[in-house]
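Commentary on secondary and tertiary structure
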Amino acid sequence: MERRDQQRPNLAHSTYPTFNSGADGQRGRSSEQLEFLSSWQTRISRRAQDNQALFSNLMKHINRETLREAYKALDGSKALGADQISKAIYGKSLQANLEDLEQRIQEGSYRPLPKREVLIPKSNGKTRPIAIASFEDKLVDWVVGKTLENLYEPLFIRNNFGYRKRKSAHDAVNACYCSLEKNDRPHVVEIDFSKFFNTIPHGRMIKILQQRIADKRFLGLIRQILKEEMATQEGTILPCETGTPQGGISTPRTQ
């Protein structure tokens, strides 16, 4: 932990909230940060500050209340999944839909629908495949993503900027600038992992998650999300044996 602290760039001029280190060297969210979290997220976040904690009952947090929170949080103007169900349509029978979804999740009969493939043009002439989930699957993704975010966020070092709340690429640039300006670091190294999202091995990822998560049902739900099939633009259904679907809400948290 001390070595990690020594590797931190000088972020004194940064305006975004950071983690505080306690007397025992552990980092946790400040009280100001916890105010932005709902009660179930706060409970996970507080316990997660203990880096030895093992979570064995995360499935209880996937219920109609947290799914309703997800419904309110999701943007209804986003692209539709393969089922073409929008937020407005789903919301017409919201209570019944959420009760049915909760029951299927807790009984183990929930199965995500195939994601809809959208090809995004890249500057080099190639395309990047984006996976668009059905609206109901987005609700599950949101709750799972928030659970993982609050579970692992307290463990991250401050100069990790990837897919973290209230941190951005601009913050990373600012950190590098401060470090170089004060001669704390002589170089900046840029590494681009080719097709990183598409090549993450599911088995290794689950083994890493098992070091902190003992809830087999929750891990099984993550496996389902990882293995969601893809409906291509040609109408072919493709299995997902490796990688995480780009565009998924919980995808950045499974890295």
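Note that the structure is a prediction, hence the values are computed from the model and not measured. (Residues numbered from 1 in each chain as written. Predicted model: local features only at pLDDT ≥ 70, side-chain atom pairs only at ≥ 80, totals over all residues. Heavy atoms only, no water.)

**Things to note about the packing of aromatic side chains**
A full pass over the atoms with the stated rule returns two aromatic pairs. Between Tyr-71 and Phe-135, the aromatic rings sit 5.8 Å apart at their centres with planes inclined by 85 degrees, giving edge-to-face as the arrangement. Of the two residues, Tyr-71 sits in helix 4 (residues 64–73) while Phe-135 sits in helix 7 (residues 135–152), which places them 64 residues apart along the sequence. In terms of burial, Tyr-71 and Phe-135 fall into one category: buried. Here Tyr-90 and Phe-135 contribute two aromatic rings whose centre-to-centre distance is 5.4 Å and whose plane-to-plane angle is 55 degrees, an arrangement assigned as tilted. Of this pair, Tyr-90 sits in helix 5 (residues 87–91) while Phe-135 is found in helix 7, placing the two residues 45 residues apart along the sequence. The residues Tyr-90 and Phe-135 share a single accessibility class, namely buried. By way of ring pairs, the aromatic residues Tyr-71, Tyr-90 and Phe-135 are connected into one cluster. Looking at Arg-47, its charged tip hangs above the ring of Phe-55, at a distance of 4.6 Å from the centre. Note that Lys-87 overlies the ring of Tyr-71, its terminal NZ or CZ placed 5.0 Å from the centroid. (Phe/Tyr/Trp six-rings, centres within 6.5 Å; stacked < 30°, edge-to-face > 60°. Helix = DSSP H or I, 4+ residues; strand = E, 2+ residues; numbered from the N terminus. Buried < 20%, exposed > 50% of the residue type's maximum accessible area, 1.4 Å probe, protein only. Lys NZ or Arg CZ within 6 Å of the ring centre and 35° of its normal.)

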